[in-house]
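A look at the structure
Each chain is listed here by its residues.
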Amino acid sequence: MALLENAQLSFETWSNGLTAADSAVLGVIGFGLMIFAVAALLIQRHVEKRMLEKHQMTECSRSNRPVLGVRHSHMPCNDNKSGRLLIGQKKDPFLSRLERLA
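Predicted model only: the values in this text are computed from it and were never measured. (Residues numbered from 1 in each chain as written. Predicted model: local features only at pLDDT ≥ 70, side-chain atom pairs only at ≥ 80, totals over all residues. Heavy atoms only, no water.)

Attention now goes to the overall build of the protein chain. Check the secondary structure of the protein chain and you find three helices and two strands. Along the protein chain, from the amino end to the carboxyl end, the secondary structure elements read α-α-β-β-α. Sequence-distant contacts, at least 24 apart, represent 6% of the contacts inside the protein chain between residues at least 6 apart. Carbon together with sulfur atoms contributes 63% to the accessible area of the protein chain, which is approximately 9500 Å² in total. (Helix = DSSP H or I, 4+ residues; strand = E, 2+ residues; numbered from the N terminus. Contact = heavy atoms within 4.5 Å. Areas by Shrake-Rupley, 256 points an atom, 1.4 Å probe, with all protein chains shown as cover.)

Side chains of F11, W14, V25, L26, I29 and L33 sit close together on the surface and give an oily, nonpolar patch of about 620 Å² of accessible area. Listing elements by their share of the nonpolar patch, those giving two or more residues are helix 1 (2–16) and helix 2 (20–58). Ranked by the residues each element gives to the nonpolar patch, the list is headed by helix 2, at four residues. The topology assignment puts F11 in helix 1. (Patch = residues over 30% accessible without salt bridge, like charges linked within 9 Å, V, L, I, M, F, W, Y side chains within 5 Å. Salt bridge = Lys/Arg side-chain N within 4 Å of Asp/Glu carboxyl O.)

On to helix 3 (residues 93–101). Taken together, the buried positions of helix 3 are L95, L98 and E99. The buried residues of helix 3 occupy an angular sector of 105° when the element is viewed end-on, so they sit on one face. Among the exposed residues of helix 3, those pointing more than 90 degrees away from its buried face are F94, R100 and L101. (Buried < 20%, exposed > 50% of the residue type's maximum accessible area, 1.4 Å probe, protein only. Arc of directions from axis to C-beta.)

This paragraph deals with the confidence of the model for the protein chain. Mean pLDDT over the protein chain works out to 77, with 65% of the residues at or above the 70 mark. Within the protein chain, helix 1 carries the highest mean pLDDT (91), whereas strand 2 (residues 74–76) carries the lowest (54). (pLDDT = per-residue confidence, 0-100.)

Listed below in structure tokens is the structure:
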């Protein structure tokens, strides 16, 4: 508690020694810092929103398709397969039926 009282006493001593001009300058500095903080938050929000929109435009329109036969499961959409479920060059009858259904 003595440390807190010492800090409070030294702050009061320092603030009593300030003139009106010094107090005005400190007020302007504090107000400027608040404006800077709000501007920085708005800029950060704008940049994050732009990045999110850019990311959403690059994703597939159907990014998570339901996997047939498995409940509550999703398969990520890969652009290089163009929506087909082929594995390599094999023509599996089961996979070709799944392709026709999808």
